[in-house]
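# Understanding the architecture of this molecule
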Amino acid sequence: MAKWFHWITVALLAVAVPFGLVIEHIKEDAKMTFYMVHESAGLTLFFVALARLAWRLGNPPPPLPESIPRPLRTAAAAVHHSLYALLILQPIGGFIATNAWGFPQQGATAYLGFIDLPKFMETNEGLAGIVGTAHTIGGWAIVVLLVLHIGAVIFHQAVRRDGTLLRMV
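Predicted model only: the values in this text are computed from it and were never measured.

Definitions and cut-offs
Residues numbered from 1 in each chain as written. Predicted model: local features only at pLDDT ≥ 70, side-chain atom pairs only at ≥ 80, totals over all residues. Heavy atoms only, no water. Helix = DSSP H or I, 4+ residues; strand = E, 2+ residues; numbered from the N terminus. Buried < 20%, exposed > 50% of the residue type's maximum accessible area, 1.4 Å probe, protein only. Contact = heavy atoms within 4.5 Å. Areas by Shrake-Rupley, 256 points an atom, 1.4 Å probe, with all protein chains shown as cover. Lys, Arg positive; Asp, Glu negative; His and termini not counted. Charge placed at Lys NZ, Arg CZ, Asp CG, Glu CD. Core = buried A, V, L, I, M, F, W, Y, C linked by side-chain atoms within 4.5 Å. Axes fitted to C-alpha atoms, helices over the stretch in contact; angles between N-to-C directions. Parallel < 35°, antiparallel > 145°, perpendicular 65-115°, else oblique. Left-handed = near helix turned anticlockwise from the far one by under 90°. Nonpolar A, V, L, I, M, F, W, Y, C, P; charged D, E, K, R; others polar. Expected span 1.5 Å × (residues − 1).

Looking now at the overall build of the protein chain. Each helix and strand in the protein chain was counted, giving four helices and zero strands. Counting helices and strands in the order they occur from the N terminus, the protein chain gives α-α-α-α. For the protein chain, the spread of C-alpha atoms along the three principal axes comes to 55 × 30 × 25 Å. A buried classification covers 32% of the 169 residues belonging to the protein chain. If you take every contact in the protein chain between residues at least 6 apart in sequence, the share linking residues at least 24 apart comes to 72%. As presented, the protein chain carries roughly 10,200 Å² of accessible surface, and 72% of it is formed by carbon and sulfur atoms. When the 11 basic and 9 acidic side-chain charges of the protein chain are each reduced to a single mean position, those positions are 19 Å apart.

With that settled, the discussion passes to the nonpolar core. One recurring pattern in soluble globular proteins is that nonpolar side chains are buried together. Counting 20 residues, the largest nonpolar core has Leu 13, Leu 43, Leu 45, Leu 87, Ile 142 and Leu 145 as its most contacted members. With six residues, helix α2 (residues 28–58) is the single largest residue contributor to this core. Leaving out residues up to four positions away in the same chain, Leu 145 has contacts with Val 79, Ser 82, Leu 83 and Leu 86.

With that out of the way, let us pick up the packing of helix α1 (residues 2–22) against α2. How two helices pack is summed up by the angle between their axes together with the distance between the axes. Interhelical geometry of α1 versus α2 gives an angle of 155° and a closest axis separation of 8 Å. Overall, the two elements α1 and α2 adopt an arrangement that is roughly antiparallel. Regarding α1 and α2, the two cross each other, and that crossing is left-handed. Along its contact with α1, which presents Ala 2, Phe 5, His 6, Ile 8, Thr 9, Leu 12, Leu 13, Val 15, Ala 16, Phe 19, Gly 20 and Val 22, the element α2 presents Phe 34, Val 37, His 38, Ala 41, Gly 42, Thr 44, Leu 45, Val 48, Ala 51, Arg 52 and Trp 55. Taken together, the residues of the contact of α1 with α2 sort by class into 16 nonpolar, six polar and one charged.

So, about the packing of α2 against helix α3 (residues 70–100). Contact pair α2 / α3: the axes reach a minimum separation of 8 Å and the direction vectors enclose 145°. Our pair here, α2 against α3, has a crossing hand that is left-handed. Two secondary-structure elements touch here, α2 through Glu 39, Gly 42, Leu 43, Leu 45, Phe 46, Ala 49, Leu 50, Arg 52, Leu 53 and Arg 56 and α3 through Tyr 84, Leu 87, Ile 88, Pro 91, Ile 92 and Thr 98. Taken together, the residues of the contact of α2 with α3 break down into 11 nonpolar, two polar and three charged.

On to helix α4 (residues 125–160), then. Taking 1.5 Å per residue as the helical rise, α4 with its 36 residues ought to reach 52 Å, and the 50 Å between its terminal C-alpha atoms agrees with that figure. Ala 128, Val 131, Gly 132, Gly 138, Ile 142, Leu 145 and His 156 are the residues of α4 that are buried. Residues of α4 that are buried sit in contact with α1 and α3. One or two positions beyond α4, positive phi appears at Arg 161, with a value near 50°.

Turning next to the environment of Leu 53. Position of Leu 53 relative to the elements: it lies in helix α2. In this structure, the C-alpha to C-alpha distance between Leu 53 and Ile 88, residues 35 residues apart in sequence, is 9.7 Å. The residues touching Leu 53, leaving out its near neighbours within four places in the chain, are Tyr 84 and Ile 88.

This part covers the environment of Pro 104. If you trace the backbone, Pro 104 turns up in the loop between α3 and α4. With 26 residues separating them in the primary sequence, Pro 104 and Ile 130 have C-alpha atoms 17 Å apart. Look past the residues within four positions of Pro 104 in its chain and what remains in contact with it is Thr 98, Asn 99, Thr 109 and Lys 119.

Structure (structure tokens):
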């Protein structure tokens, strides 16, 4: 089950991150579609991350091999915990920001293209700017963490050759 959660998360991130990075560069007539896809992938990531975390709490992964030095174990734990935190916090921040900008997930940006979510606040551009900035920083932090995570996979597979990759494939 952990492998399924991992690869579903990868697929959703492969949609949410690139769409989020290019939205500001998209022509206005197509922009709402990009927002809908980005926001839908992000909210789905939120649900998957919560389910994944619940699964992991009840089914902890096997310990890393003893041959992996403590600094690498600590780095792996830090990256994983940070990713879990951001996979939960990012969609919350995005949802708050879109509502604060006055664009709840309704109509053209409805969840999955057809599920209108309730608007829970009035437009508040000051709050939207702050939360939007935090959301952008969080998005870039996810990119950095993914690069570290993928780099570690390559390191373990190509340099250490310790079979770590086989834990998730």
